[in-house]
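A closer look at the structure
One letter stands for each residue in the lines below.
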Amino acid sequence: MEVKKDNIGISKATIARLPAYLRYLKEKQAKGEKKASSTAIAEEMHLNAVQVRKDLALVSSVAGKPKLGFEITDLIEDINRFLGYDNTTDAVIVGVGGLGKALLGYGGFRNYGLNIVAAFDTAPKLIGKKISSVTVQSADKIQEFVRRQNVKIGIICVPKEFAQSVADELVEGGVRAIWNFAPAHLQLSEKIAVKNEDMAGSLAILSKRLEQILYNEK
Ligand SMILES: NC(=O)c1ccc[n+]([C@@H]2O[C@H](COP(=O)([O-])OP(=O)(O)OC[C@H]3O[C@@H](n4cnc5c(N)ncnc54)[C@H](O)[C@@H]3O)[C@@H](O)[C@H]2O)c1
């Protein structure tokens with residue numbers, strides 16, 4: 001069977017599961033383990049074995065052996081390469097309030113190939129302040145900075161009414177992917193990749209499930 005190494009035919013659900021496989025494999029590697037089978041991965045991660053086998057076959061450069069499974073080191077390398085983590089991408093963050101500060105403070109993004117190189121805000125009290133090793137710059141420098149540094153990812157953490165103008169500014173400077181945390185629908189060209197994050201949506205699903213569980217217990 002031909003192994004697919006590009007994104008064609010790979011579902012968003014598979015891509016979304018890959019970081020979890022990576023975390024699992026790195027934990028096993030840290031414990032000195034050398035091999036992992038899709039059955040064991042499925043069992044320990046509480047996933048469907050067929051799904052795990054299919055996911056790994058899509059990204060792995062070598063076929064896993066039925067019982068022995070995959071070499072952990074090879075599989076980690078394949079997933080890293082597939083997700084582009086072996087090629088760290090610079091990003092800027094716009095809006096350094098509660099959420100922006102939290103994202104800046106999370107060192108783990110580096111392990112996922114994201115390197116936050118600059119932060120911007122309009123609040124005079126924040127400009128010039130160092131937050132998690134990044135100095136906050138004035139928002140009127142966004143375009144010039146991303147163009148000069150060739151930054152391709154922008155993270156939006158501003159109030160929703162400013163999200164569109166910030167997105168336009170980023171795109172004008174050459175940004176091609178936007179990770180948008182503001183609850184705003186951004187109008188952008190199809191050539192710009194946008195991922196909207198919505199914790200309120202996840203919370204709504206959680207509370208609906210809770211309601212159903214409690215209802216069924218009555
Ligand atoms: N996706 C989610 O699940 C989720 C969760 C929490 C917050 N949010 C959203 O994230 C955004 C930020 O939330 P927060 O709690 O950090 O808000 P906040 O008010 O604490 O911070 C917003 C920051 O943006 C700055 N800002 C305002 N206009 C700007 C502009 N034009 N350019 C640059 N900076 C600007 C402000 O000075 C402030 O520092 C909001 O839109 C909020 O609704 C989303």
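Criteria and thresholds
- Residues numbered from 1 in each chain as written.
- Predicted model: local features only at pLDDT ≥ 70, side-chain atom pairs only at ≥ 80, totals over all residues.
- Core = buried A, V, L, I, M, F, W, Y, C linked by C-beta atoms within 7 Å.
- Buried ≥ 20, exposed ≤ 12 C-beta atoms within 10 Å, placed from the backbone.
- Helix = DSSP H or I, 4+ residues; strand = E, 2+ residues; numbered from the N terminus.
- Contact = placed C-beta atoms within 7 Å.
- Axes fitted to C-alpha atoms, helices over the stretch in contact; angles between N-to-C directions.
- Parallel < 35°, antiparallel > 145°, perpendicular 65-115°, else oblique.
- Left-handed = near helix turned anticlockwise from the far one by under 90°.
- Nonpolar A, V, L, I, M, F, W, Y, C, P; charged D, E, K, R; others polar.
- Domains from an automatic or database assignment.
- UniProt positions renumbered as here; feature names shortened; annotations may be inferred.
- Near = placed C-beta within 6 Å.
- Pairing = 2+ DSSP bridges.

Digging into the nonpolar core
Most often, soluble globular proteins keep nonpolar side chains buried together rather than apart. In this structure, Ala91, Val92, Ile93, Val94, Ile155, Ile156 and Cys157 are the most contacted members of the largest nonpolar core, which totals 29 residues. Mapped onto this core, the elements with two or more residues apiece are strand 3 (89-94), helix 5 (98-105), strand 4 (114-121), helix 6 (142-149), strand 7 (153-156) and helix 7 (160-172). Residue contacts for isoleucine 93: discarding those within four places in its chain leaves Gly100, Leu103, Leu104, Ile116, Ala119, Ile155 and Cys157. Residues Leu56, Leu58, Phe70 and Phe82 belong to the second largest nonpolar core, which totals 12 residues.

Some points on the packing of helix 1 (residues 12-30) against helix 4 (residues 72-83)
One way to put it is that helix 1 packs onto helix 4 with a least axis distance of 10 Å and a crossing angle of 150°. On the basis of the axis angle, helix 1 is roughly antiparallel to helix 4. The handedness of the crossing between helix 1 and helix 4 is left-handed. Seen from helix 1, the contacting residues are Leu18, Tyr21, Leu22, Leu25, Lys26, Lys28 and Gln29; seen from helix 4, they are Ile72, Thr73, Leu75, Ile76, Ile79, Phe82 and Leu83. Its residues assigned to classes, the contact of helix 1 with helix 4 shows 10 nonpolar, two polar and two charged.

A short note on the domain arrangement of the chain
In terms of domain boundaries, the chain breaks down into domain 1 (12-83) and domain 2 (89-200). Relative to domain 2, the C-alpha centre of domain 1 lies at a distance of 32 Å.

Some remarks on the UniProt feature "binding site: NAD(+)" (unreviewed entry) in the chain
Under the UniProt annotation, the feature "binding site: NAD(+)" (unreviewed entry) is placed at Gly95, Val96, Gly97, Gly98, Leu99 and Gly100. Looking at the element boundaries, glycine 95 is found in the loop between strand 3 and helix 5. Apart from the residues lying within four places of it in its own chain, the contact partners of glycine 95 are Gly100, Asp121, Ile156, Cys157 and Val158. Taking the C-beta count within 10 Å as the criterion, glycine 100 has 24 such neighbours and is therefore assigned buried. Dropping the residues within four chain positions of it, glycine 100 is found in contact with Ile93, Gly95, Ala119 and Cys157.

Quick word on the site of the ligand
Residues in close proximity to the ligand total 26 residues, the closest being Gly95, Gly97, Leu99, Ala182 and Met199. For the shell around the ligand, the secondary structure elements donating two or more residues are helix 5, strand 4, helix 7 and helix 8 (199-216). Here the shell around the ligand is built from residues that sort into 17 nonpolar, five polar and four charged.

With respect to the sheet that holds strand 5 (residues 130-131)
The strand order 5-6-4-3-7-8-9 describes an open sheet built from seven strands, whose pairing is mixed. The sheet terminates laterally at strand 5 and strand 9 (193-196), the two strands that pair on one side only. Relative to strand 7, strand 3 is paired through four bridges, and the arrangement is parallel. Across the sheet, valine 94 pairs through a bridge with isoleucine 156, a residue of strand 7. Here helix 6 sits on the sheet in contact with strand 3, strand 4 and strand 6 (134-138), set at roughly 175° to strand 3.

Description of the packing of helix 6 against helix 7
Running from amino to carboxyl end, helix 6 crosses helix 7 at an angle of 35°, the nearest separation of the two axes being 8 Å. The crossing of helix 6 and helix 7 is right-handed. Between helix 6 and helix 7, the residues in contact are Ile142, Gln143 and Val146 and Glu169, Leu170 and Glu172, respectively. Among the residues making up the contact of helix 6 with helix 7, the classes are represented as three nonpolar, one polar and two charged.

As for the UniProt feature "domain: CoA-binding" (unreviewed entry) in the chain
The positions that UniProt labels "domain: CoA-binding" (unreviewed entry) are, in the present scheme, residues 84-185. In this annotation, residues 84-185 is assigned 28% helix and 28% strand; the end-to-end C-alpha distance for the span is 27 Å.

Points about unusual backbone geometry
One non-glycine residue, serine 132, lies in the positive phi region at around 50°. Mapped onto the fold, serine 132 is located in the loop between strand 5 and strand 6. Residues other than glycine seldom take positive phi values, yet serine 133 does so here, at roughly 70°. For serine 133, the location among the structural elements is in the loop between strand 5 and strand 6. Overall, serine 133 belongs to the exposed group, with 9 C-beta atoms counted inside 10 Å.

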